[in-house]
Amino acid sequence: MVKFWWRYAMGTNIDTKTLKSALANQHISTTLRQSKYSRHVRRDAVPKNLWSRDVKNFPLTTEVDSFSDELITFQKLITNPTFSPLMADNLKDLPKTYIVTAQYDILRDDGIMYAKRLEEAGVSVRHKNYPGTVHGFMMFTKEPVTLNLGKRALEELVIFLKEALCNKK
């Protein structure tokens, strides 16, 4: 999954050294962990029942010098609010928002944290986490692969959009 997201975000394949760093939770520098962005990434925003039991306490990288140019570029990308809205400083005055997350999605926690930040900024937000499913599950609403949760999630999204766009409740 790391390889897929790296290719998606960076447009290139991830090299072995960088992959090992990411898998060992050493892809974020201490400088970034202590920057203004760290206040946006809060584990306490994620309900404890969703915390992984397999979280390991890997040593964190302390030397920015040990970072490849790729990792430095990656850190710039993930703190760009255009790529990751969670990193925006100001979320006030955004429109009503509907956020769907899936239990086994690598982006689930980001979605939960973003919903929490929107709520704290006074934005009307509806967040729905679907247990037992993966990223992209809403695409599977027609044959040959159909997921009932995907159909239900799509129906709930349509209801939200009708309410938001037509002012119907």
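Up top is the structure these notes are about.
Here the residue numbers are simple positions, counted from 1 along each chain's written sequence. Owing to the predicted nature of the model, reporting of local features is limited to residues with pLDDT of at least 70; listing and counting of side-chain atom pairs is limited to 80 or more, with chain, interface and lining totals taken over all residues. Hydrogen atoms and water are omitted, and side-chain values are computed over all heavy atoms in the structure.

Engineer: I tried to follow the packing of helix 1 (residues 2–10) against helix 4 (residues 69–78) on my own but got confused; where do I start?
Structural biologist: Helix-helix packing: each pair is described by the crossing angle between the helix axes and the interaxial distance. Interaxial distance between helix 1 and helix 4 falls to 11 Å at its minimum, and their mutual angle equals 75 degrees. Taken as axis vectors, helix 1 and helix 4 run roughly perpendicular relative to one another. Taking contact as the criterion, the partners of Trp-6, Ala-9 and Met-10 in helix 1 are, on helix 4, Glu-70, Leu-71, Thr-73, Phe-74 and Leu-77. Throughout, the ten residues Ala, Val, Leu, Ile, Met, Phe, Trp, Tyr, Cys and Pro are labelled nonpolar, Asp, Glu, Lys and Arg are labelled charged, and all others, Gly among them, are labelled polar. For the contact of helix 1 with helix 4, the class distribution of residues is six nonpolar, one polar and one charged. Think of each axis as a best-fit line through the C-alpha atoms, taken over the contacting stretch in the case of a helix, with angles from 0 to 180 degrees between the N-to-C directions. Under the DSSP-based scheme used, a helix requires at least four consecutive residues in state H or I and a strand at least two consecutive residues in state E, with every element numbered from the N terminus. Oblique is the label for every angle not falling under 35 degrees (roughly parallel), over 145 degrees (roughly antiparallel), or within 65 to 115 degrees (roughly perpendicular). Every residue pair with non-hydrogen atoms within 4.5 Å of one another is taken to be in contact.

Engineer: Whenever I open this one, the environment of Asn-13 confuses me. Can you help?
Structural biologist: Positionally, Asn-13 belongs in the loop between helix 1 and helix 2 (16–23). For the pair Asn-13 and Lys-3, spaced ten residues apart in the sequence, the C-alpha separation amounts to 7.0 Å. Aside from chain neighbours lying at most four places away, what touches Asn-13 is Trp-6, Arg-7 and Glu-70.

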